[in-house]
Amino acid sequence: MHETKAGDMKNGGKIAIVGNPNVGKSVIFGLLTGRYATVSNYPGTTVTLTSGAIKVNGDDISVTDTPGVNTLIPMSEDEVVTRDILLNEVLKLVVQVADAKNLVRGLQISLQLAEMGLPFLLVLNMWDEASSRGIDVNVKKLSETIGITVIPAIGVQRKGIKELREALTEKRYSPIGMFYGNLIEDGIKKLEAILPESKISKRSVALMLLAGDLSLKPWLNNRHVSPTDIEKIDEVRRNLQDKFYEPLGYVVNQARLKKAEKIAEDVLSRQEKGSSGITVSIGRWAMHPVWGIPVLLIALFLMYEFVGVLGAQVLVEILEEGLFGNYINPFMTLLADRFIPDAFFRDLLVGEYGIITMALTYSVAIILPVVGTFFIAFGILEDSGYLPRLAVMVHRIFKLMGLHGKAVLPMVLGLGCDTMATLTARVMETKKERVIVTLLLALGVPCSAQLGVILGMLGGVSLAATFVWAFTVILILFIVGFLSSKILKGEGSDFVFDIPPLRIPVLSNIFFKTFSRIEWYLKEAVPLFIVGTLILFTLHKIRALEVIERIANPIVVGFLGLPAKATEAFLIGFLRRDYGAAGLFALAKDGLLNPNQVVVSLVTITLFVPCVANFLVMIKERGIATALAIVAFIFPFAFLVGGVLNFGFRLLGINL
């Protein structure tokens, strides 16, 4: 929701921020441009390009934040995006951000940037965390060794940013070189003779091709490289590969790794420090299969009190019954009665399905306080680094669902926004894994807006109702994930996950994150609420709503055991399921749903496709056929699960 397409370059040139995942690129981007980018204490947050601008010596410079990469020989779609920026854009400078605690990993990117012939500087972020672990980097010596400016920084404390701004006027090229052995060097020379000119060195492009980078084929075609020459490139690569036991990409990366280790060895010193402190202990407990459970329960309890009690009860009562119930709606009704003679247009604004009395009351008075408190709570969890630890704790469960632990990342992100999370499914290596993750996100991972409303409703029922809802949704996710892994063809992949340090959440990060998400909610969700209300208004006026309710009666009333009025909530739930949940919230507040019905209705609507935007992103990412197949499965399945739950309650005589 925060991404933008790369903006056009201003008159002063363009800067690209690159680096490994979770090294603080988005923090640095935000501090340079003053523009908020999604910042989280776990890898994979930046999935597409975000652009902003900065003044350097009076010139407007465009700054682009790129997805994290582990190598510039792309292994994933995100890495292709970053590589293509370097390959195709005219860059004034590259700002490489590295984790000071993991210098070797960062230097492997530095070596590739040097090989590309791009001007760049190196920001060693998280300097304080490196120091706390007894790691010290001789910055002066490192700068002399690789021939570029090196700046130690602590992004979250804004330290090093002044020095970085001043260094943006410099344009230094690293003279450091690599030697890959006579055989590979000979192959590089053969390809250099064939390759066209580009924004980066022919040598670096040749190495990508020798490493088997198939994503460069379209680039070669666009550069009018003849089919004969493309065949020559393939022939050189095949002949060279025949002389190595290991894949050439592995051989090249190993050479870079050795070089990076040698540089780090010369500039880095370590002082042994015991791993202690309360944050270290909590971080360990949070990942433990047994001790992680009480940590999780405490986190859920605090969230329940903050969102379910403060947001959904106290703040909703103030806004709905106080502000809207006593002032705004009566005042707007008075104005409408006085100045709008036509009953049709009066009802359109302040009637039962009016834009003010329904759309704005639902979206502002009921949902906004709930999602607002949820955004704050979720931001704290994100910034603290707890979510990756939760992912590690539940890794084994995900394996049973046919997914490895890396899939936990988009699933956790889905709790913030399913649409964004569907984009991050790209981090999965295989098509099969991406389809399963997309299906599970659409099926049963409630986004922040919906989860906030759900917690608010369940907060007014009982803890047992909350448990039944959560258990049912998790069980469904597990069963569908397990069966999908057996039905869908394709391979899985290995689990590699970078655990960030546990940090005290930074207040400014939480503020900007919450502000940005509320802005997104008001801009993107509220208009859809108005559209949904207009649909209901139209159906009501042409008496189609009654017909639909009668048609749906066997399902909604007979099968799900809900009042016919719930049909309206499911109708608008097709548009956005949090809006549908808000309709159920209103029914519950009016006493039209008993605790069993609250759980049945919430389970049903939780299993709806999240929203229209999510559906469109599914089409973009997985294709129209897969997206339609997912939707065709989900909606009937959601009603089936709700109906089975209803009959289960009746059969077992359960009253929540």
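It should be emphasised that the depicted structure is a prediction, and the values quoted were computed from it without experimental measurement.

A.B. asks: Before we move on, could you go through the confidence of the model for the protein chain and cite the residues and values that matter?
C.D. replies: Here the protein chain shows a mean pLDDT of 81. Residues at 70 or above account for 89%. In this model, residues 1-10 is a region of pLDDT below 50 whose contacts with residues beyond four sequence positions or in other chains number 32 contacts.

A.B. asks: Now, about the pairing of strand β2 (residues 50-56): what can you tell me, with residues and values included?
C.D. replies: In terms of residue burial, β2 counts as a mostly covered element, since five of its seven residues are buried. Where β2 lies against strand β3 (residues 59-65), seven bridges are found, and the strand directions are antiparallel. Residue pairing in the sheet places Ser 51 in a bridge with Thr 64 of β3. In this structure, the hairpin formed by β2 and β3 is closed by a connection of two residues, where Asn 57 is found at a positive phi of approximately 55 degrees.

A.B. asks: Give me the lowdown on the layout of surface pockets, citing residues and values where you can.
C.D. replies: Considered as a void within the structure, the largest pocket measures approximately 1700 Å³ in volume. Secondary structure elements with two or more residues in the lining of the largest pocket: α13 (292-339), α15 (355-384), α16 (386-393), α17 (395-400), α18 (408-414), α21 (448-459) and α22 (463-487). Here the lining of the largest pocket is built from residues that sort into 38 nonpolar, two polar and one charged.

A.B. asks: Give a detailed account of the pattern of salt bridges, specifying residues and quantitative values.
C.D. replies: Tallied over the full model, the rule gives 18 salt bridges. A salt bridge links Lys 217 to Asp 234; the nearest nitrogen and oxygen atoms lie 3.7 Å apart. In this pair, Lys 217 sits in helix α9 (residues 217-222) while Asp 234 sits in helix α10 (residues 227-241), placing the two residues 17 residues apart along the sequence. Classification of Lys 217 by relative accessible area gives partly exposed; the value is 28%. The buried category is assigned to Asp 234, whose relative accessible area is 18%. Of the charged contacts, one joins Asp 229 and Lys 232 as a salt bridge, the two residues approaching to 3.8 Å between their closest N and O atoms. Of this pair, Asp 229 and Lys 232 both sit in helix α10, three residues apart, which is roughly one turn of the helix. Taking relative accessible area as the criterion, Asp 229 reaches 23% and is therefore assigned partly exposed. Overlapping salt bridges bring together Glu 115, Glu 185, Arg 203 and Arg 256 as one network.

What counts as what
Residues numbered from 1 in each chain as written. Predicted model: local features only at pLDDT ≥ 70, side-chain atom pairs only at ≥ 80, totals over all residues. Heavy atoms only, no water. pLDDT = per-residue confidence, 0-100. Contact = heavy atoms within 4.5 Å. Buried < 20%, exposed > 50% of the residue type's maximum accessible area, 1.4 Å probe, protein only. Helix = DSSP H or I, 4+ residues; strand = E, 2+ residues; numbered from the N terminus. Pairing = 2+ DSSP bridges. 1 Å grid on protein atoms, 1.4 Å probe; cavity = no way out; pocket = protein on both sides within 12 Å on 5 of 7 lines; lining within 4 Å. Points joined across faces, edges and corners; volume = space filled by probe spheres on them. Nonpolar A, V, L, I, M, F, W, Y, C, P; charged D, E, K, R; others polar. Salt bridge = Lys/Arg side-chain N within 4 Å of Asp/Glu carboxyl O.

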